[in-house]
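# Chains, contacts and geometry: an overview
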Amino acid sequence: MKRILFTLLFLILTCQLNAQSSNNADVNVKANIIQSISVQKLADIDFGDIPQNTGKHTIPSDGTDAGKIEISSAANKSINISIPQTITLQNSNSDNLTFTSEVPIYNGSDDQGGATQLTDNSGGAVTPQTNTTYVWLGGYVNSDNVNTGLYEGILTVTVSYN
């Protein structure tokens, strides 16, 4: 009886193991390596001399004194350009002056006249038609109630692929 039970159990397990099958699927793996992004500063934003307590002073993004950067990236690939809304400038005595940025303008050629305004400072998506995009940066400071001195700071422009 044990022998018959053992034989039946063996046959059942063998049939189950033989009944199990395997299957597979092939998945293609692709990688399209595109040009890395590089950003180069071409011009600083320089307000020059501003008399104390004379209010708001603006350098517009489309003005001749606007800051300018050049972005090299893959053509026809969406990039995101973002700048801070404000930064703090400091003088040698650690006094603060706030710089408020304007929404930048950009163009695929080095021509402010045909430039387009980004959506906003926090991240404008752009799809350049060529490998080069120019961006002009402007903003304002307010000289009221600040001490005299040379105020400086860094405006960091961040560019990434979407």
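Our subject is the structure listed above.
These notes cover the structure that comes with them. Only a predicted model underlies this, so the values are computations on that prediction, with no experimental measurement involved.

Cut-offs used in this document
- Residues numbered from 1 in each chain as written.
- Predicted model: local features only at pLDDT ≥ 70, side-chain atom pairs only at ≥ 80, totals over all residues.
- Heavy atoms only, no water.
- Salt bridge = Lys/Arg side-chain N within 4 Å of Asp/Glu carboxyl O.
- Helix = DSSP H or I, 4+ residues; strand = E, 2+ residues; numbered from the N terminus.
- Buried < 20%, exposed > 50% of the residue type's maximum accessible area, 1.4 Å probe, protein only.
- Contact = heavy atoms within 4.5 Å.
- Pairing = 2+ DSSP bridges.

## A closer look at the pattern of salt bridges
- A full pass over the atoms with the stated rule returns 2 salt bridges.
- As a salt-bridge pair, lysine 41 and aspartate 44 come within 3.1 Å of each other at their nearest N and O atoms.
- Across the pair lysine 68 and aspartate 110 runs a salt bridge whose closest N-O atoms are separated by 2.9 Å. With lysine 68 in strand 3 (residues 67-72) and aspartate 110 in the loop between strand 7 (105-107) and strand 8 (116-117), this residue pair connects regions lying 42 residues apart in the sequence.
- For lysine 68, a relative accessible area of 16% translates into the label buried.

## Looking at the environment of alanine 75
- Note on placement: alanine 75 falls in the loop between strand 3 and strand 4 (79-82).
- The residues touching alanine 75, leaving out its near neighbours within four places in the chain, are Pro128, Gln129, Thr130 and Asn131.

## So, the sheet that holds strand 7
- Strand order in the open sheet made by the 5 strands is 1-3-10-7-8, with antiparallel pairing throughout. Either end of the sheet is taken by a strand with one partner, and the two such strands are strand 1 (38-43) and strand 8.

## Considerations on unusual backbone geometry
- Even without being a glycine, asparagine 76 presents a positive backbone phi close to 65 degrees.
- The residue asparagine 76 is located in the loop between strand 3 and strand 4 in this model.

That is the geometry; function is a separate question.
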